[in-house]
Structure formats: structure tokens, C-alpha cells
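Here's the letter readout for the chains.
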Amino acid sequence: MNVSHASVHPVEDPPTTDGGNNNNIAPRVRMKDMQGMPGTKGGLTLRIFQFIFAAAALAVMATTSDFPSVTAFCYLVAAAGLQSIWSLSLAIVDIYALLVMRSLQNYRVVSLFAVGDGITSTLTFAAACASAGITVLIDNDLGSCSQNHCVQFETATAMAFISWFTALPSFLLNFWSLASR
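Just so we're clear, the structure is a prediction, and the values are computed from it rather than from any experiment.

## Notes on the packing of aromatic side chains
If you walk through the whole model with that rule in mind, you get 5 aromatic pairs. On the basis of an interplanar angle of 35 degrees and a centroid distance of 4.4 Å, the ring pair of Phe125 and Trp164 is categorised as tilted. Linking Phe125 in helix α3 (residues 107–141) with Trp164 in helix α4 (residues 150–179), this pair joins segments that are 39 residues apart in sequence. Assessed through its relative accessible area of 32%, Phe125 is described here as partly exposed. The ring of Phe113 has Arg47 sitting right over it, with the charged end atom 5.9 Å from the ring centre.

Dropping the structure here:
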């Protein structure tokens, strides 16, 4: 019977200094908890602002009586509702992580946050752009702002853009964290 026997050979550690030779590249050091990432105070702040502005867009648009007559405005209500639920849920997770001092830099958690942030921010941006187009059409092209709730439409659209603007850093930081692994 042929059996190979494992043997252990000692290996020396590489020298830590290269004596002025810059051929060795230092190992990459990843920042642990950069502000704005999940489980940080900056991330919680971004989530709270996302929620506030998405909820404001939803509330302002829902107070108008004629928003269901325009598909883009219905889309804005749906996207702002989804954004507010997503942001509130992740704000609660961030609060929990801060209270128990846990890091949320797990690969699966960060990838879930990145995908969710990417989807919700894209939907919010698309809804805000569509609503802005309809608002411009009603106000500038048709000149029928006196019969519609143009101020509320414009306010809800602005709140949706601000919500997207606060959701974008969350997505970019989570995506960057995934890409740097």
C-alpha cells in the first residue's frame, strides 16, 4: 500500500521592511465603519432623512384629490411609500445595531442593503422625474395650474428628489463596501 506521509517544513516570515526597495506592496487595509454605512450614526442619519422626505412626498401627494388621475403621480405615491417603509425598517436596524454595538459589515447584510437601496433609490428617482415632467407639462405647457394642485405636485416632487438624494449615498457606500472586498 502506497501512503504518502505529510511533512511540515518551516517557513520564514517575510521581512517587514524592504530596505528602501518599494517592490513590496503593503496589504490593503479596509476602513471598518465609515460614516454612512449600515450600523453607524451617519447611516442612521441618512435613513432618517430618507424616511422624512419620502413620507413628506407621500403625504403631500396623498392630500391632493386629483393625483389618481395621473399615472406618474400614482407611481410617485407607490415609490415614496416603498422608500419610506424601506428607510424606516433600516433605520430601526441601525438603531438596534448602535444600541448593542454590533457591526453590520457582514457580506450578506451589506449586499441586501445595497440591492434594496439600489432598487428603492432608482424607483424614487424615476418617479420623481416622471412627476416633474407632468408638473412642467401642467404648469408651463398647458397653463392650467389654476385648476390643479400644482404647488402640492411640485412640493411632493421636490421631496421625492431630496429623498433620492439622501438615498444615493447609502447605496453608493454599500456598493463600494461590496466592491472593495
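What follows picks up the thread again.
## Quick word on the packing of helix α1 (residues 41–62) against helix α2 (residues 71–99)
For the pair α1 and α2, the least separation of the axes is 8 Å and the interaxial angle reads 150 degrees. The angle between α1 and α2 falls in the class roughly antiparallel. The two elements α1 and α2 cross, and the hand of that crossing is left-handed. Class assignment of the residues belonging to the contact of α1 with α2 gives a composition of 17 nonpolar, 6 polar and 3 charged.

## Let's talk about a nonpolar patch on the surface
Taken together, the side chains of Ile95, Tyr96, Leu99 and Val100 define a hydrophobic patch exposed on the protein surface, amounting to about 420 Å² of accessible area. With respect to the helices and strands, Tyr96 occurs in helix α2.

## A closer look at the nonpolar core
Core analysis: the largest hydrophobic core is formed by 17 residues, its most contacted members being Met61, Phe67, Phe73, Leu76, Ile138, Phe153 and Ala160. Those elements that place two or more of their residues in this core are α1, α2, α3 and α4. Once residues within four sequence positions are removed from consideration, Phe73 is found in contact with Met61, Phe67, Ser131, Ile134, Thr135, Ile138 and Phe153. In terms of nonpolar packing, the next biggest core, distinct from the first, is built from 5 residues, Trp86, Leu90, Ala97 and Phe113 among them.

## Some details on the pattern of salt bridges
All told, the structure shown has 1 salt bridge when counted by the stated rule. In this structure, Arg47 and Asp117 form a salt bridge, with 2.7 Å as the shortest nitrogen-oxygen distance. On the criterion of sequence distance, the pair formed by Arg47 in helix α1 and Asp117 in helix α3 is long-range, its members being 70 residues apart. Residue classification places Arg47 among the buried residues on the basis of a relative accessible area of 3%.

## What about the side chain of Thr64?
Along the polypeptide, Thr64 turns up in the loop between α1 and α2. Looking at Thr64, the relative accessible area reads 5%, which means it is buried. Among the polar contacts listed, one links the side chain of Thr64 to the backbone oxygen of Met61, at a separation of 2.7 Å. Aside from chain neighbours lying at most four places away, what touches Thr64 is His149, Gln152 and Phe153.

## Notes on unusual backbone geometry
The backbone of Met101 sits at a positive phi, close to 55 degrees, despite the residue not being glycine. You can see Met101 is positioned in the loop between α2 and α3.

## Re the packing of α2 against α3
Two packed helices can be described by the angle between their axes and the distance between those axes. Close contact between α2 and α3 brings their axes to 8 Å; oriented N to C, the two are set at 150 degrees. If you check the angle between α2 and α3, you find them roughly antiparallel. The crossing of α2 and α3 is left-handed. Residue classes in the contact of α2 with α3 are distributed as 18 nonpolar, 7 polar and 1 charged.

## Focus on the environment of Val60
Locating Val60 in the fold gives a position in helix α1. With 96 residues separating them along the chain, Val60 and Ala156 place their C-alpha atoms 5.6 Å apart. Apart from residues lying up to four places away in sequence, Val60 is in contact with Gln152, Thr155 and Ala156.

What counts, and at which threshold
- Residues numbered from 1 in each chain as written.
- Predicted model: local features only at pLDDT ≥ 70, side-chain atom pairs only at ≥ 80, totals over all residues.
- Heavy atoms only, no water.
- Phe/Tyr/Trp six-rings, centres within 6.5 Å; stacked < 30°, edge-to-face > 60°.
- Helix = DSSP H or I, 4+ residues; strand = E, 2+ residues; numbered from the N terminus.
- Buried < 20%, exposed > 50% of the residue type's maximum accessible area, 1.4 Å probe, protein only.
- Lys NZ or Arg CZ within 6 Å of the ring centre and 35° of its normal.
- Axes fitted to C-alpha atoms, helices over the stretch in contact; angles between N-to-C directions.
- Parallel < 35°, antiparallel > 145°, perpendicular 65-115°, else oblique.
- Left-handed = near helix turned anticlockwise from the far one by under 90°.
- Nonpolar A, V, L, I, M, F, W, Y, C, P; charged D, E, K, R; others polar.
- Patch = residues over 30% accessible without salt bridge, like charges linked within 9 Å, V, L, I, M, F, W, Y side chains within 5 Å.
- Areas by Shrake-Rupley, 256 points an atom, 1.4 Å probe, with all protein chains shown as cover.
- Salt bridge = Lys/Arg side-chain N within 4 Å of Asp/Glu carboxyl O.
- Core = buried A, V, L, I, M, F, W, Y, C linked by side-chain atoms within 4.5 Å.
- Contact = heavy atoms within 4.5 Å.
- Polar contact = N/O pair within 3.5 Å; in protein donor to acceptor, adjacent residues only side chain to side chain.

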